[in-house]
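Analysis of the macromolecular model
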Amino acid sequence: MKAFIVSNEQLQNDYYRIRFDAREMAAKSGPGQFVHVRIDERNDNILRRPFSIHNAENGMITVVYKVVGTGTERLREKLPGDSCDLIGPVGVGFSSPEDDVIPVAVCGGYGAAATFMLTQRTKQPGVLLLGARSAADIILTKEYEERGFEVKIATDDGSLGHKGRVTELIDRLLAEKPGKKFFFYGCGPHPMLMALAKILKAKNLDGELSIDHFMCCGVGACFGCVVKIAAPETADGWVYKRSCVDGPVFKLADVYAE
Amino acid sequence: MADLSVDFGKFTLKNPVMTASGTFGYGMEYAEFYDLSRLGAVVVKGIRSIPSHGNPTPRIAEVTGGMLNAIGLQGPGIDKFLHDDHYLPGLKKTGATVIVNMWGVTIEEYAEVAARLDAESDGITALEVNISCPNVKAGGAAFGTDLKLAHEVVSAVRNATKLPIITKLSPNVGNIADFARAVEDAGSDAVSLINTLSAMAIDINTRKPKIANKFAGFSGPAVKPVAVRMVYEVSRAVKIPVIGMGGISTGADAVEFLLAGADAVAVGTANFVDPFAPLKVIHFINEYLDKNGFKSVAELKNALIV
Ligand SMILES: Cc1cc2nc3c(=O)[nH]c(=O)nc-3n(C[C@H](O)[C@H](O)[C@H](O)COP(=O)(O)OP(=O)(O)OC[C@H]3O[C@@H](n4cnc5c(N)ncnc54)[C@H](O)[C@@H]3O)c2cc1C
Ligand SMILES: Cc1cc2nc3c(=O)[nH]c(=O)nc-3n(C[C@H](O)[C@H](O)[C@H](O)COP(=O)(O)O)c2cc1C
Ligand code: FES
């Protein structure tokens, strides 16, 4: 579907926010789902690029992206009034938190974009635990705070917040809020998610993780984006599932840690 | 309006545009975009006797002008394919013309799958015998790059089914026309080409191959000239119909194949870029025929001026 660009502006450093006019798509979108974007019609870089839906208010789809290569570089050059072809919303997103539960988003880098819409779906004020290499990659914290989320930060180099891994913030959170019920939402690099899954399972905590892989068709047709999902009933104990349509969000119990 | 139908002898397609196996899932994935019965045929992803995991990841990489894939034929196996609503039963309900792409790791398995499909052939128009996947060790390249084995496997399928068979040829051979002749001799009712070209890409930062399988199949716009040449050669080597594919993303690309000698075409990688690509191709062919005074798509087969 052709969608016109309403705005495309820098958030900080290599991070940008783009808004598409896409009323019908926005009405159907939820946290954890993504849009599959054909940035332009070129014959050299042909494939679409997937981006989490950061927000879907006012008939607009908002995406927060980091410029990392040719496609995102070309996306950055787009101006209001230009258009892209969007497929979406794609995929299984995050479930809405139960009324009595504190949602905790545990994110790495641009993963913070994918969990943002949880801020609109929760009764209890939530928590964002956000990790990145350094302060330059810590994004969207003000937006979360404006929506009533408490934000805790960890950076590898200690340039902002706790020096260390984002998963190390979980113990502190549990200690600060004894007796509360939590539900965890994870989105970030694969090693971070695997570590998160291990910690949550060990502590008997529940949640959902967005586990994705390079995508090609984005509609479930090519089997290029598969991830290993636990299948205890099978001989291998796992099966490959398509992260684009069977995920990207999977229940913690279904996460397969090798 | 020109006559778009294509006569394959044992069956007829309403128009010459199908989807290439592996690039259109099991059809249902695209049913939400448009009415699948508008296509000449839906060719589903390769089916074998048992479920298979496919290859480890990463399985895909973008390269200039196309992509590499080493999916390794992940699939549900024949039982699920025949009886689960996500597969054949669901696809049949859309009214689509269905061609089933199939494979095995032994000649016996090819024959077994063909026999199973023969026994439950309701709603299946033809089989496409894949002897050319570069991404599985046995069953793919092994059969499609050895003239004797290619003949044997197609003969075995021929003996196992009355359904029309299309043999999918590998471009990774010295002389593709020899393979076309061999499978024609073995009883194939048509040939389709090309499957993907064996290829490789390396990430210079990690110094690892971009695809876990190391080698992968190259497809997309960049392979078109190779495919057109092969279709030209094959269409002159055999009497059976030829289905041309490889890099078709526009109607103009498809007309090139039809002029080179193809009776029909398939749209592959372009589906990933634009789900509506096959419909746009049908529309363009129709206009091209009218504009240039052709009464039927069949006339293009002999319209090349050399
Ligand atoms: C479900 C999903 C949601 C995503 N959401 C966001 C988002 O909200 N914001 C955002 O900035 N990015 C997001 N990404 C990643 C984004 O799709 C890639 O950064 C983008 O495709 C890179 O395109 P490029 O042409 O600029 O880079 P390329 O030139 O293709 O590659 C540059 C670098 O990016 C890496 N890369 C390429 N494709 C992907 C990919 N699909 N996933 C991860 N790394 C990749 C490559 O390994 C390479 O190192 C998401 C990816 C997925 C699968
Ligand atoms: C992701 C992917 C999966 C494929 N899977 C199959 C398959 O299962 N069986 C088969 O015969 N060909 C398969 N192919 C080959 C295509 O059907 C087609 O022959 C090839 O991609 C060339 O056409 P294109 O350039 O239009 O994609 C696959 C191709 C791609 C890109
Ligand atoms: S990207 Fe094609 S199946 Fe997921």
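Note: the structure precedes this text.
Figured I'd write up the structure that's included with this text. (Residues numbered from 1 in each chain as written. Chains lettered and ligands numbered in written order. Predicted model: local features only at pLDDT ≥ 70, side-chain atom pairs only at ≥ 80, totals over all residues. Heavy atoms only, no water.)

**Focus on the site of ligand 1**
All names here are of chain A. Among the 18 residues in the neighbourhood of ligand 1, the closest are listed as R49, P50, K66, G71 and T72. Note that an oxygen atom of ligand 1 is positioned 2.6 Å from one of the backbone N or O atoms of P50. Contacts to ligand 1 include S52, whose backbone N or O atom sits 2.9 Å from a nitrogen atom. Coverage of ligand 1 by the protein chains reaches 77% of its 850 Å² of free accessible surface. Mapped by element, the contributors of at least two residues to the shell around ligand 1 are β4 (49-52), β5 (60-66) and α2 (70-76). Here the shell around ligand 1 gets four residues from one element, more than from any other, and that element is β4. Looking at the shell around ligand 1 residue by residue, the classes come out as nine nonpolar, six polar and three charged. (Near = heavy atom within 4 Å. Polar contact = N/O pair within 3.5 Å; in protein donor to acceptor, adjacent residues only side chain to side chain. Areas by Shrake-Rupley, 256 points an atom, 1.4 Å probe, with all protein chains shown as cover. Helix = DSSP H or I, 4+ residues; strand = E, 2+ residues; numbered from the N terminus. Nonpolar A, V, L, I, M, F, W, Y, C, P; charged D, E, K, R; others polar.)

**Looking at the side chain of N195(B)**
Residue and element names in this part refer to chain B. In this structure, N195 sits in the loop between β10 (190-193) and β11 (197-199). Of the polar contacts made by the side chain of N195, one reaches the side chain of N130; its length is 3.3 Å. In this structure the side chain of N195 is engaged in a polar contact, spanning 3.4 Å, whose partner is the side chain of T196.

**Structural notes on the layout of surface pockets**
Over the atoms, a rolling probe the size of a water molecule traces out where space has been left empty. A volume near 1,200 Å³ is recorded for the second largest pocket. Lining the second largest pocket are 38 residues, and of these F223(A), R242(A), V245(A), D246(A) and E29(B) lie nearest its centre. For the lining of the second largest pocket, the elements supplying multiple residues, two or more each, are α1 (23-28), β6 (83-90) and β14 (238-242) of chain A. (1 Å grid on protein atoms, 1.4 Å probe; cavity = no way out; pocket = protein on both sides within 12 Å on 5 of 7 lines; lining within 4 Å. Points joined across faces, edges and corners; volume = space filled by probe spheres on them.)

**A look at empty space enclosed by the protein**
What the rule picks out here adds up to two cavities of 30 Å³ or more. Forming the walls of the largest cavity are 39 residues, and the residues nearest its centre are S21(B), T23(B), N69(B), N195(B) and T196(B). Counting only elements with at least two residues in the lining of the largest cavity, the list comes to β6 (66-69), β14 (216-219), β16 (264-267) and α9 (270-273) of chain B. A class-by-class count of the residues in the lining of the largest cavity yields 19 nonpolar, 18 polar and two charged. Estimated volume of the second largest cavity: approximately 50 Å³. Taken together, V37(A), R38(A), I39(A), D40(A), N45(A), I46(A), L47(A), R49(A), G71(A) and R74(A) make up the full set of residues lining the second largest cavity.

**Focus on the interface of chain A and chain B**
How big an interface is tends to be stated in terms of the accessible area lost upon association of its parts. Counting from both sides, the interface comprises 26 residues of chain A and, opposite them, 30 residues of chain B. Approximately 2,300 Å² of surface area, both sides summed, lies buried where chain A meets chain B, with 63% of it carried by carbon and sulfur atoms. Of all residues in chain A, I46(A), F223(A) and Y240(A) give up the largest surface area on contact with chain B, accounting jointly for 27% of the area buried on that side. Across the contact surface, chain A and chain B share two salt bridges. One salt bridge in this structure joins R242(A) and E29(B), with 3.6 Å as the shortest N-O distance. (Contact = heavy atoms within 4.5 Å. Buried area = accessible area lost by both parts, 1.4 Å probe. Salt bridge = Lys/Arg side-chain N within 4 Å of Asp/Glu carboxyl O.)

**Some remarks on the sheet that holds strand β3 (residues 34-38) of chain A**
Residues and elements named next belong to chain A. Reading across from one edge, β4-β3-β6-β1-β2-β5 is the order of the six strands in this open sheet, with antiparallel pairing throughout. The open sheet has two free edges, formed respectively by β4 and β5, since each of these has just one partner strand. When strand polarity is set aside, the average angle formed by the axes of neighbouring strands in this sheet is 40 degrees. Bridge count between strand β1 (residues 2-12) and strand β2 (residues 15-21): seven bridges; the pairing is antiparallel. If you follow Q12 over to β2, its bridge partner there is Y15. (Pairing = 2+ DSSP bridges. Axes fitted to C-alpha atoms, helices over the stretch in contact; angles between N-to-C directions.)

**Regarding the packing of aromatic side chains**
Scanning the entire structure with this criterion turns up 19 aromatic pairs over all chains. Geometrically, the ring pair formed by F116(A) and Y144(A) is edge-to-face, given 5.1 Å between the ring centres and 90 degrees between the ring planes. Placement of F116(A) in the loop between α3 (111-114) and β8 (127-132) and of Y144(A) in helix α4 (residues 141-146) is noted, with a sequence separation of 28 residues between them. Y144(A) matches F116(A) in its accessibility class, with the two residues each being buried. Measuring from centroid to centroid gives 6.3 Å for F284(B) and Y288(B), while their planes differ by 20 degrees, and the two rings are stacked. You can see F284(B) and its partner Y288(B) sitting in helix α10 (residues 277-291), four residues apart, about one turn around the helix. With a relative accessible area of 32%, F284(B) lands in the partly exposed category. Taken together, the aromatic side chains of F24(B), Y30(B), F33(B), Y34(B) and F276(B) make up a single cluster linked through ring pairs. (Phe/Tyr/Trp six-rings, centres within 6.5 Å; stacked < 30°, edge-to-face > 60°. Buried < 20%, exposed > 50% of the residue type's maximum accessible area, 1.4 Å probe, protein only.)

**Observations concerning the sheet that holds strand β9 (residues 165-168) of chain B**
Residues and elements named next belong to chain B. With parallel pairing, the eight strands of this open sheet are ordered in space as β3-β16-β15-β10-β9-β8-β7-β4. Single-partner strands in this sheet number two, and they are β3 (17-19) and β4 (42-43). As defined by bridge partners, strand β15 (residues 242-244) adjoins β16 across two bridges and the pair is classed as parallel. Within the sheet, the bridge partner assigned to G244 lies in β16 and is V265. Packed on one face of the sheet, helix α3 (residues 107-119) meets β7 (98-102) and β8 (126-130) and runs near 160 degrees to β7.

**Here's the deal with the site of ligand 2**
All names here are of chain B. Around ligand 2, the surrounding shell holds 25 residues, and the nearest of these are S21, K168, I194, G247 and T269. Within the side chain of N101, an N or O atom sits 2.9 Å from an oxygen atom of ligand 2. The protein chains hide 98% of the 610 Å² of surface that ligand 2 would expose on its own. Judged by its atoms lying within 2 Å of the grid points, ligand 2 is housed in the largest cavity. A class-by-class count of the residues in the shell around ligand 2 yields eight nonpolar, 15 polar and two charged. (Sits in = over half its atoms within 2 Å of the grid points.)

**Focus: the side chain of S235(B)**
Turning to its location among the elements, S235(B) is positioned in helix α7 (residues 224-237). In this structure the side chain of S235(B) is engaged in a polar contact, spanning 3.3 Å, whose partner is the backbone oxygen of A260(B).

As far as function goes, none of this settles anything; it's purely spatial.
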